[in-house]
Amino acid sequence: ALPISTRWVEPQLSLQTPRLNHHLVMGLGLVGETAEVADVIEAWARTDERDEHSLLKELGDVIYYWARLSQEFGLAVRTEAAPSFVFLQDEAPVLPALRLVKASGQIAELLKKYVRDGALDREKLQAAMFSVHDTWRTLCSASGLSWQDVLNANQAKVEGRAARGTTRGSGDNR
C-alpha cells in the first residue's frame, strides 16, 4: 500500500468538451516540449557538445504551444522584455532551462486546478506565460540562436505538415 492518499477529487469541468480537451493538449504539449528542451540542454552540459539543430526545433515547439495557449485564453502577454539572463555562448544555459521547466510546470498546475475546480486564475496564468516567453528568449540568446530563426523554422515545419495533412502523430518525419 502507498503511504499517501490516492483519493481522486472529481473534476468540476467535463473532460468531454472539445475546448477543454484542446486546452489540455496545448498545456501538455508545452510541458512535453519544455522537457525536450531540458533534454537537449542536459546533454550539452554533460558532453559540452551543443546540438543547435535539436535545440532550435525544440525551442520552436515550445513557442508554438505557448502562442496557442496565449491565443486560446485571450491573454495579452507582454513580449517586449529583454532576456533576463546573460550567458557566454559556449556555456550550457542550465539555469534558464530549469526556469523554463518551472514556468511550464506552473502552467500545468494551473490547468489541473482549472479542470479540478472549474476556475482559472488568469493572473497567475498570464504571469507564468510571460515567464515561459521571457525564458524562451533567454534560451535562444544564450544558445546563440536568433529567436526569429527559431520562429521561422517552426512556422515552416507547421505549414509543411499542414500542407501534407500530417499534423497528427509524432516525430519529425511526418
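Data block above holds the structure.
To keep things clear, this report deals only with the structure shown in the data block. What you see is a predicted model, and the numbers here were worked out from it, not measured in a lab.

## Points about the overall build of the protein chain
Here is step 1 of the chain: Helix and strand counts for the protein chain come out as five helices and zero strands.
Here is step 2 of the chain: Each helix and strand of the protein chain, placed in order from N terminus to C terminus, yields the pattern α-α-α-α-α.
Here is step 3 of the chain: Counting all 174 residues of the protein chain, 36% fall into the buried class.
Here is step 4 of the chain: A fraction of 76% describes how many contacts in the protein chain between residues 6 or more apart in sequence connect residues 24 or more apart.
Here is step 5 of the chain: In the structure as shown, the protein chain presents an accessible area of about 10300 Å², 53% of it carried by carbon and sulfur atoms.

## Here we look at the packing of aromatic side chains
Where two aromatic rings form a pair, the distance of their centres and the angle of their planes describe that pair.
Here is step 1 of the chain: In this structure the tally under the stated criterion is two aromatic pairs.
Here is step 2 of the chain: Geometrically, the ring pair formed by Tyr64 and Tyr65 is edge-to-face, given 5.1 Å between the ring centres and 80° between the ring planes.
Here is step 3 of the chain: By relative accessible area, which is 26% here, Tyr64 ends up partly exposed.
Here is step 4 of the chain: Its relative accessible area of 19% is what places Tyr65 among the buried residues.
Here is step 5 of the chain: On the basis of an interplanar angle of 75° and a centroid distance of 6.1 Å, the ring pair of Phe73 and Tyr114 is categorised as edge-to-face. Note that Phe73 is positioned in the loop between helix H2 (52-72) and helix H3 (94-117) and Tyr114 in helix H3, a separation of 41 residues in sequence. Each of the two residues, Phe73 as well as Tyr114, counts as buried.

## As for the nonpolar core
Here is step 1 of the chain: Ranked by internal contacts, the top residues of the largest apolar core, which has 35 residues, are Leu30, Val37, Leu55, Leu59, Ile107 and Val132.
Here is step 2 of the chain: Among the secondary structure elements, those contributing two or more residues to this core are helix H1 (18-47), H2, H3 and helix H4 (122-142).

## Here we look at the packing of H3 against H4
Here is step 1 of the chain: Interhelical geometry of H3 versus H4 gives an angle of 155° and a closest axis separation of 9 Å. By the angle between their directions, the pair H3 and H4 is classed as roughly antiparallel. In terms of crossing hand, the pair formed by H3 and H4 is left-handed. Side by side, H3 and H4 meet where Pro96, Ala97, Arg99, Leu100, Ala103, Ser104, Gln106, Ile107 and Leu110 of the first sit next to Lys124, Leu125, Ala128, Met129, Ser131, Val132, Asp134, Thr135, Trp136, Thr138 and Leu139 of the second.

About the thresholds
- Residues numbered from 1 in each chain as written.
- Predicted model: local features only at pLDDT ≥ 70, side-chain atom pairs only at ≥ 80, totals over all residues.
- Heavy atoms only, no water.
- Helix = DSSP H or I, 4+ residues; strand = E, 2+ residues; numbered from the N terminus.
- Buried < 20%, exposed > 50% of the residue type's maximum accessible area, 1.4 Å probe, protein only.
- Contact = heavy atoms within 4.5 Å.
- Areas by Shrake-Rupley, 256 points an atom, 1.4 Å probe, with all protein chains shown as cover.
- Phe/Tyr/Trp six-rings, centres within 6.5 Å; stacked < 30°, edge-to-face > 60°.
- Core = buried A, V, L, I, M, F, W, Y, C linked by side-chain atoms within 4.5 Å.
- Axes fitted to C-alpha atoms, helices over the stretch in contact; angles between N-to-C directions.
- Parallel < 35°, antiparallel > 145°, perpendicular 65-115°, else oblique.
- Left-handed = near helix turned anticlockwise from the far one by under 90°.

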